[in-house]
Every structure is written in C-alpha cells, then in structure tokens.
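Observations on chain architecture
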Amino acid sequence: MTTKVEFDEQKSSRQIKIGVLMSYIAIGFNILAGLFYTPWMIAEIGKANYGLYMLSLSLVSIFALDFGLEAAVSRFLSKYHALGDSEGASRFLGVAFKLFLGIAILIGIVLIGVYVMIDTIYASLSPTEVETLKVLYIMVGFYIVVLFPTKPFNGIFIANERFVVLNWFNLIEKVSTVVLMIGALLFGFGLYALVFVNAIVGLSIIIGKGIYLLRRTETAIDFMHNSRSMYRDIFSFSSWTTVIAIAQRFILNITPTILGALASSASIALFSIGMVIEGYVWTISSAIGSLFLPKVTRMTTYNRQSELDNLLVRVGRIQLYIVGLIIISFATMGREFIGLWVGPDFFPSYVVALLLILPGIITLTQEIAYTTLIAVNQIKYRAFASLIVATVSVILSLLLSPHYGAIGAAIAILIGNLVGTVVFMNIVYIRVLKLNMWKFFYECHVKIAPALVFLGVAGLLVQRYLPVDSLIHFLFKAAALGLVYFIFLWIFTFRDDEKELLRGFIRHASKTS
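A brief report on the enclosed structure follows. (Residues numbered from 1 in each chain as written. Predicted model: local features only at pLDDT ≥ 70, side-chain atom pairs only at ≥ 80, totals over all residues. Heavy atoms only, no water.)

**Brief notes about the overall build of the protein**
A count of helical and extended segments in the protein gives 20 helices and zero strands. The principal-axis extent of the C-alpha atoms belonging to the protein is close to 65 × 65 × 50 Å. Across the protein, the fraction of contacts at a sequence separation of at least 24, relative to all contacts at a separation of at least 6, is 83%. Only carbon and sulfur atoms are counted for the fraction: they give 68% of the accessible area of the protein, which is about 24700 Å². Computed over 38 positive and 28 negative side-chain charges, the inter-centroid distance for the protein is 5 Å. (Helix = DSSP H or I, 4+ residues; strand = E, 2+ residues; numbered from the N terminus. Contact = heavy atoms within 4.5 Å. Areas by Shrake-Rupley, 256 points an atom, 1.4 Å probe, with all protein chains shown as cover. Lys, Arg positive; Asp, Glu negative; His and termini not counted. Charge placed at Lys NZ, Arg CZ, Asp CG, Glu CD.)

What follows is the structure, given as structure tokens:
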C-alpha cells in the first residue's frame, strides 16, 4: 500500500548541510592520518610487516566487494519511503538482509579455499612471512565475513536521511581506530594488534548502528517475505554498479602492469604518485553525492523536474568552487608541491596527476545528475560510460606508454574520461534524464569562470615571486591563496543563497562549539 507522504524538506536540507560538513571533517582526518600516522606506523612495525598487513587487507578486499548491493539498498529504500510504502520497505529489507547473508557465506567459502592455497600463491614469501600472513588473513577474513551481512545499515541511514548520525559513527570509527592503534603500538603489541583493533572498533560501530536504527527509526524487517521480483530488481541494479566498480578497478590495476611491460618500473612509481593525488581530489569532491539520493528520489518520483534542475545547479556550483580551487591551485603550484612532498625525481608525476584530475572540472560537479541516474534506475548508462573509459584508456595506453611512459598512460586515461564520462554521460543527462545541462553549464562553469581565471593568475604570480623550500611553508602559501580566492568569490561570485548557506554553517559551528 502506497500513500503520498509530506516530507520536511527544510529538515532534510539541514541534515544534508551538517552531513556535508562532517564528511569533510572525516576526509580531512583521513588525509592527515595518511600524511603523519601511516609513516610512523611503518617505522614502528617495519616495512615487511606493513607489507604483509596491507597484503592481507587487499587480498580479502578483492572478495569483499559488495557488488553494488549497498547502493541498491539506498536506492530502493529511498523509493519506498518517497511512496510512503512502509510495508514494501520492510519486505525489501528482509530480502536484502537474506541476500547479504547468503553472499557472506559464499565469500567465507571462497576465502577458505584461498587460505588453503596461500603457500602456493605467495611462494616468494619466506616461511615465517607466510605464517604471519595466514594469521592476519584469518583475522581479517573473519571480520569481513561477519560484517558483510550488516552492509545494508548504511543504506538505511541514507534512505532515512540520518546523515549526521551516520557521519558521527564514521568519524568515531576513524578516530578510535587510529588512537587505539597508536596506543597498541606504543605498548608494544605489534602487528596483530592492528588487525584486532580494526575488528573490535568495526564490530562496536556496527552494534551501535544497529541499536540506533532499531530504537530511533521506524525500520522494520520482514524476514519471512520472499519475492523473486525484488531479487531480480536488486540483481539488475547491482550488476550494473558491479560493472562500474570492476571497470574502474581494471583501469587502476592494469595501467601499472602496462607500464611495467612496455615502459619501466620508474614509470610505475611516477604514475602511482599521480593516482594518489587523483584519489584525494575524487574523495574530497564526491563527499556529498549520496546524501542527496532521498531528496532526488522524491523529486523524480513526483516529477518535480524544475526543482531537480535547480538542485543540479545549486550543488554543482558548490562543487565547482571546491573542485576549481583544487585543480587550478594544483595546476599552478602542483609541481613545487610534488618536489617538496616526494622529491624532485617525481616532477613528472605533476603532469600525470594534472592529466588525471582535469576531467573532474566537469565530472565532479555533476554528482546530482549521477544521483538522478541511480534514483530512476538508469545506472546502466554509467556502466556503459565506464566500459568506454576502460576500453579507450587501455588501447591508448598500449600505444602511448612505450614512447611517453607514465605521462602517456595518463594522456590515455584523460582521453578515455573525456569520451566516456564527459561527452557520453552528458548526452545521457540531456536525452535520457531530460536535465537542462545547458543551463547547468551556464550557471556553473560560465558564471564561475572569472573566479577560476583570477585564481589561476594569482597562483602563477604567487608561485613565481614566492617560491618556498619546505612543505609547511607551502601549506601556508596555499592557504593564503585559498583565502584570496574566497574573498574574490564572496565579493564577485557568490549568490545571496550561497552566502546565507555559509552563514548557516558558521552559526551551526558556533552553536556546536
């Protein structure tokens, strides 16, 4: 039974605003932890043990891919909520949890099979290292299998628009893990303690999430319900998201192999640094996409097309302010940053990183359009785009890498992204979703272009007349450039609603403190 439900859109917007703020706090913490905590941890446990630790995590994570099922929970549950169909939602969750449990059992069986063959798979490791890897593998594998059936929890939080609570859980998990790991290493507990801390913190957070959902939301689960159509809908959606994940991972995994075969090991290192930069940019810029899924689902369910176009512009402008700052600043000062961060030998990584992040000036500002694809169950088009990117990138990498090394591979991926995620996807947004992309580009990229040009000129001037010789000084210089950029935006670019949004953030932060 479905009934039209009146939603508190103002409350929804507040949840999104605070959720975005907390997402960026968590991202900032992750970046700082990567810069400072990880090197210290490696020094404490040794490079060999750190390698085994990461190997166990990566080996298990290959089989722990959720096949797009978590996104499916968010999408379909948001749809049921938009329709006011609580009975359908409880039945769907019953099907989803049983499906996740079944997959967890299959993953456990596969992991047991891999465990039996670890000696053969990693014959190059010493007997002591193999024994250590086996212990780590058992600990991580058990943790992954136990937690896999609870993956729908995040989707339930998102569908219920409990973004603040979800991000509190995520932030507490990240901070607790790092703090407890530092404590464990300082007290001399060593390598196994790292995995144990991960497991204990993860299990504690999952229990906390489960208790919250049962007590503070109207979540109901009908485990007795079985529906072939629901299984079919979930598999149809998740199969396309799996194609996207596999295609993206394929590009990341195959490019170093191509470089190793056709260029040199040095090219792999140069490309890897560029990929790290690209990963940071993507993480920062895509932090807000999933938060809008319930709101976008309501708009598409009740055919509120003009509201959807306006939301695309509003969010796109905010994303462009952030993405533009990162990409233009890196274009003007990134070479110096690379030299200070990893040394002058990695200067070519500046070009690699720049080529990898350039398409983001368009793609990373269109998160609402991508979220709309999910809301209307047309995710297959994003899968087609990912396949185009993978195909073009690999073919051109094979042609360019022998002559241009890491830069050639980056050029190949740039062209692949331009064809797949820029040209193809914008045709889809216009023809399939009927979004007003011409209005989007005018309101976002055309109107914000003067600010980005100002940022570029200012960055070049700062770089020319104020070179620095330490990473700390560089960060101060980058912060000063960011402040000048913000002042320009406030005076010449921000709309009234954007200024009010920023004032709201400040008011909330002051109340919280």
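**Focus: the packing of helix α10 (residues 228–262) against helix α11 (residues 265–285)**
The N-to-C vectors of α10 and α11 enclose an angle of 155°; their axes lie 9 Å apart at closest approach. Between α10 and α11, the crossing angle belongs to the class labelled roughly antiparallel. The handedness of the crossing between α10 and α11 comes out as right-handed. Contact residues: Leu 252, Thr 255, Pro 256, Leu 259 and Gly 260 in α10; Ser 267, Ile 268, Phe 271 and Met 275 in α11. (Axes fitted to C-alpha atoms, helices over the stretch in contact; angles between N-to-C directions. Parallel < 35°, antiparallel > 145°, perpendicular 65-115°, else oblique. Left-handed = near helix turned anticlockwise from the far one by under 90°.)

**Looking at unusual backbone geometry**
Peptide bonds are mostly trans, and most non-glycine residues show a negative phi. Its identity as a non-glycine residue notwithstanding, Glu 161 has a phi of 55°, on the positive side. Its place among the elements puts Glu 161 in the loop between α7 (152–159) and α8 (163–186). Using a relative accessible area of 12% as the deciding quantity, one classes Glu 161 as buried. Unlike most non-glycine residues, Asn 303 shows phi in positive territory, near 55°. Structurally, the position occupied by Asn 303 is in the loop between α12 (293–301) and α13 (305–342). (Buried < 20%, exposed > 50% of the residue type's maximum accessible area, 1.4 Å probe, protein only.)

**A closer look at the pattern of salt bridges**
The tally for this structure, following the rule as stated, stands at ten salt bridges. The closest approach of N and O atoms between Glu 336 and Lys 477, which form a salt bridge, is 2.6 Å. Here Lys 477 lies in helix α19 (residues 471–493) and Glu 336 lies in helix α13, a separation of 141 residues in the sequence. Neither Glu 336 nor Lys 477 differs from the other in exposure class; each is buried. (Salt bridge = Lys/Arg side-chain N within 4 Å of Asp/Glu carboxyl O.)

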